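A closer look at the structure
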Amino acid sequence: MRYEPAPLTRHLRVRQDRGHTVLEFRGEIDIAAEAEIVPHLDRATAAPDARIVIDLTRVEFFDLSGLRLLYRARHRVTDGPGRLSLVCAHPMTLRMLRITGLSRLLPPWPTLDAALDQPESTSGPV
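Residues numbered from 1 in each chain as written. Predicted model: local features only at pLDDT ≥ 70, side-chain atom pairs only at ≥ 80, totals over all residues. Heavy atoms only, no water.

A short note on the pattern of salt bridges
Considering all chains together, one arrives at 10 salt bridges under this definition. For Glu 34, the salt bridge is made with Arg 68, and the minimal N-O distance between the two is 2.8 Å. Separated by 34 residues along the polypeptide, Glu 34 in helix α1 (residues 31–44) and Arg 68 in helix α2 (residues 64–78) bring together distant segments of the chain. By sharing partners, the salt bridges in this structure join Arg 13, Arg 15, Glu 24, Arg 26 and Arg 58 into a single network. (Salt bridge = Lys/Arg side-chain N within 4 Å of Asp/Glu carboxyl O. Helix = DSSP H or I, 4+ residues; strand = E, 2+ residues; numbered from the N terminus.)

Structure, rendered in structure tokens:
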């Protein structure tokens, strides 16, 4: 059973699902949203063995601030034995991830279920 608490901020909901901390970004991820999300992202990624999924399914707008959040999460999680997965299916956001090369470092999954059900040894579809 999934526990779905109220959003922590206008742009973020955090919950546990299948042994992972799911950070669900919502709405417009811009510089204002980044300021709201950073403290929660840092708390979620603080454990050396953190298992994090960032879900962009409910994102309507994603700019450089969103990319900074993804790079920050990746840097914090990959410094230890933790694991970070990304869920994204929006064509424009996927294009931004490809253009910046972030999709090679953090391959996106098309759905949350796909990201949560992945084997431990994989980080995303190629």
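Quick notes on the packing of α2 against helix α3 (residues 91–100)
Any two packed helices are characterised by how steeply their axes cross, that is the angle between the axes, and by the distance between the axes. The contact between α2 and α3 brings their axes to 11 Å, and the two run at 60°. The angle between the axes of α2 and α3 places the two elements in the oblique class. As α2 packs across α3, the resulting crossing turns out to be right-handed. For the pair α2 and α3, contact is made by Leu 67, Leu 70 and Tyr 71 and by Met 96, Leu 97 and Thr 100, respectively. (Axes fitted to C-alpha atoms, helices over the stretch in contact; angles between N-to-C directions. Parallel < 35°, antiparallel > 145°, perpendicular 65-115°, else oblique. Left-handed = near helix turned anticlockwise from the far one by under 90°. Contact = heavy atoms within 4.5 Å.)

Quick notes on the side chain of Ser 65
Structurally, Ser 65 is set in helix α2. You can call Ser 65 buried: its relative accessible area is 4%. Residues within four places of Ser 65 in sequence aside, it is in contact with Asp 30, Ile 31 and Glu 34. (Buried < 20%, exposed > 50% of the residue type's maximum accessible area, 1.4 Å probe, protein only.)

As for the sheet that holds strand β5 (residues 108–109)
With respect to topology, 5 strands assemble into an open sheet ordered β1-β2-β3-β4-β5, the strand pairing being mixed. Each edge of the open sheet is held by one strand with a lone partner, namely β1 (12–17) and β5. Across the sheet, α1 touches β1, β2 (20–29) and β3 (51–62), and the angle it forms with β2 is around 175°. In the packing of α2 onto the sheet, the strands contacted are β2, β3 and β4 (83–87), and the crossing angle to β3 comes to about 175°. (Pairing = 2+ DSSP bridges.)

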